[in-house]
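# Residue-level structural notes
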2 protein chains.
Amino acid sequence: MRSLRWPVAVALGLALALEALPAVLRWLRGERRRRPRREVLFFPSQVTCTEALLQAPDAPLAAAGPSALTPAAPGGCQCSLPHGESSLSSLLRALLTARASLELCLFAFSSPQLGRAVQLLHQRGVRVRVITDCDYMALNGSQIGLLRKAGIQVRHDQDLGYMHHKFAIVDKKVLITGSLNWTTQAIQNNRENVLIMEDEEYVKVFLEEFERIWEEFNPTKYTFFPQEKKIH
Amino acid sequence: MRSLRWPVAVALGLALALEALPAVLRWLRGERRRRPRREVLFFPSQVTCTEALLQAPDAPLAAAGPSALTPAAPGGCQCSLPHGESSLSSLLRALLTARASLELCLFAFSSPQLGRAVQLLHQRGVRVRVITDCDYMALNGSQIGLLRKAGIQVRHDQDLGYMHHKFAIVDKKVLITGSLNWTTQAIQNNRENVLIMEDEEYVKVFLEEFERIWEEFNPTKYTFFPQEKKIH
């Protein structure tokens, strides 16, 4: 029996090593073991100052390091609003992580802070595409006109029904979706929810929905005299 | 080198056995390996007949077995609508799995089919609680009055902001949430999404939000002459 001791020890050692192999490989590749992001934001959001998040650096994408995301930098805004975290600042932060692409599919978009965040990403070289509802494009306070003016592609429906989605996809990796229309009224007064999900499966189906609608709302297909007025 | 052969074989065997251990334990405990439910429904939904799902058996909870959920039973509805699956029928099915509790937190609720499903669950002894927005309680076609008449508890806000959530929690296990208001207009005409997630973490935070609002909207706290009219 004694002769079995070391082969058994070697076997156990090897078995454990095989178990640990994926973690070791991740460590060698310098990847931190990180849980995918799963967050829920509830609204109404406390009204906080978001200037530190939204200060537009002239620098393009490469120079826009993590410092652009840190709040209340020295010499930052001195206004009387609280400078802590809020549901709105968490939403802004989630958007501002975009480095390559941002898809927005939004019924209504009039929040100035969210509009500034999207313009900032566009300036940094992120490819931004926006789908919205035609009835809400030119409403008082809508951000859509400003985004178009800044050179961001926007497409809209021409249906009787509403384009009522309220989702965003960041870098084709994170889905942001919920009940929240991107308006100050909703952010500050309504009971709303927003899920932030780093989840391949959900991102995939929402991205497919986005691409389907994006193609369907191709301006080459617009008609300029719709048959009927939209019903609510 | 020959002497290493069998320790290596044993090591591989052990590693595989360790890998398989969780599955073996589940099998020994008699648990079926079932992926938690993760589904996305997109709208507008095809208009299909949902009678087979909604035929109300007189039987209470215990007798309402899976047969109540099978579509187009022999002798079922012979109407001219298609009898296949649709986003609406999937949503109805997800709700009708409730056996113990159903929390609804809905901005607008006027879909007759969804109203019937909720009443059916109430008849079967499921504990149904509804939170809604006060402005949408008495709208033309609202289901809220019918649900109250049937004896279902309903609470509403008295805020200037909207109670704009659109979520349901089935048996404290499955979260149903998205952009969809439970109206026929939205179901049949709008671009909408609904996530169906069997996910402890998300259920927990949404249930906490429900209980928080439920307590806040306790009728003992209602005031009957609000100071100001709601702004949109």
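Basis of the calculations
- Residues numbered from 1 in each chain as written.
- Chains lettered and ligands numbered in written order.
- Predicted model: local features only at pLDDT ≥ 70, side-chain atom pairs only at ≥ 80, totals over all residues.
- Heavy atoms only, no water.
- Pairing = 2+ DSSP bridges.
- Helix = DSSP H or I, 4+ residues; strand = E, 2+ residues; numbered from the N terminus.
- Axes fitted to C-alpha atoms, helices over the stretch in contact; angles between N-to-C directions.
- Least-squares fit on C-alpha atoms with pLDDT ≥ 70 in both.
- Contact = heavy atoms within 4.5 Å.
- Buried area = accessible area lost by both parts, 1.4 Å probe.
- Salt bridge = Lys/Arg side-chain N within 4 Å of Asp/Glu carboxyl O.
- Polar contact = N/O pair within 3.5 Å; in protein donor to acceptor, adjacent residues only side chain to side chain.
- Parallel < 35°, antiparallel > 145°, perpendicular 65-115°, else oblique.
- Left-handed = near helix turned anticlockwise from the far one by under 90°.
- Nonpolar A, V, L, I, M, F, W, Y, C, P; charged D, E, K, R; others polar.
- Buried < 20%, exposed > 50% of the residue type's maximum accessible area, 1.4 Å probe, protein only.

## With respect to the sheet that holds strand E3 (residues 127-132) of chain A
All names here are of chain A. The strand order across the open sheet built from seven strands is E1-E7-E6-E5-E2-E3-E4, with neighbouring strands paired in mixed fashion. In the strand order of this sheet, the two ends are held by strand E1 (38-43) and strand E4 (153-156), each with one partner. Strand-to-strand twist in this sheet, taken as the mean axis angle between neighbours without regard to direction, amounts to 10°. Inspection of the sheet shows E3 paired to E4 by four bridges, in the parallel sense. From the neighbouring strand, Thr-132 faces E4, where its bridge partner is His-156.

## Some thoughts on the relation of the copies chain B and chain A
Screw-axis analysis of chain B against chain A gives a translation of 1.2 Å along the axis, an RMSD of 1.3 Å, and a rotation angle of 179°. What the rotation and shift describe, once combined, is the action of a two-fold rotation axis. An overlap of 98% is found between the interface residues of chain B and their copies at the interface of chain A, pointing to a shared contact surface.

## Brief notes about the interface of chain B and chain A
Accessible area lost upon the coming together of the parts serves often as the stated size of an interface. Taken together, the contacts link 49 residues of chain B with 48 residues of chain A. Roughly 4,000 Å² is buried in total at the junction of chain B and chain A, and carbon and sulfur atoms are behind 58% of that figure. The interface formed by chain B and chain A holds 10 salt bridges in total. With a closest N to O distance of 2.6 Å, Arg38(B) and Asp199(A) form a salt bridge. There are 24 residue pairs in polar contact (both at pLDDT 80 or more) connecting chain B and chain A. Counting residues per element, the ones that place at least two in the side of chain B that touches chain A are helix H1 (5-28), strand E1 (38-43), strand E5 (166-170), strand E6 (174-178), helix H6 (184-189), strand E7 (192-198) and helix H7 (200-216) of chain B.

## Details of the packing of helix H3 (residues 87-96) of chain A against helix H4 (residues 112-123) of chain A
All names here are of chain A. Relative to each other, H3 and H4 sit at 15°, their axes nearing to 10 Å. With respect to H4, the element H3 is oriented roughly parallel. Crossing handedness for the pair H3 and H4: right-handed. Contacts between H3 and H4 involve Leu-88, Leu-91, Leu-92, Leu-95 and Leu-96 on the former and, on the latter, Gln-113, Leu-114, Ala-117, Leu-120 and Leu-121. Across the contact of H3 with H4, the residue classes break down as nine nonpolar, one polar and no charged.

## Things to note about the pairing of strand E2 (residues 101-106) of chain B
All names here are of chain B. Here E2 lies mainly inside the structure; six of its six residues are buried. Burial along E2 is two-sided: Ser-101, Glu-103 and Cys-105 and Leu-102, Leu-104 and Leu-106, pointing in opposite directions, are all buried. In terms of strand pairing, E2 meets strand E3 (residues 127-132) through six bridges, oriented parallel. Each bridged residue has a counterpart across the sheet, and for Ser-101 the counterpart in E3 is Arg-127. In this structure, E2 lies alongside E5, joined through five bridges in antiparallel fashion. Note on E5: the bridge partner recorded for Leu-104 is Ala-168.

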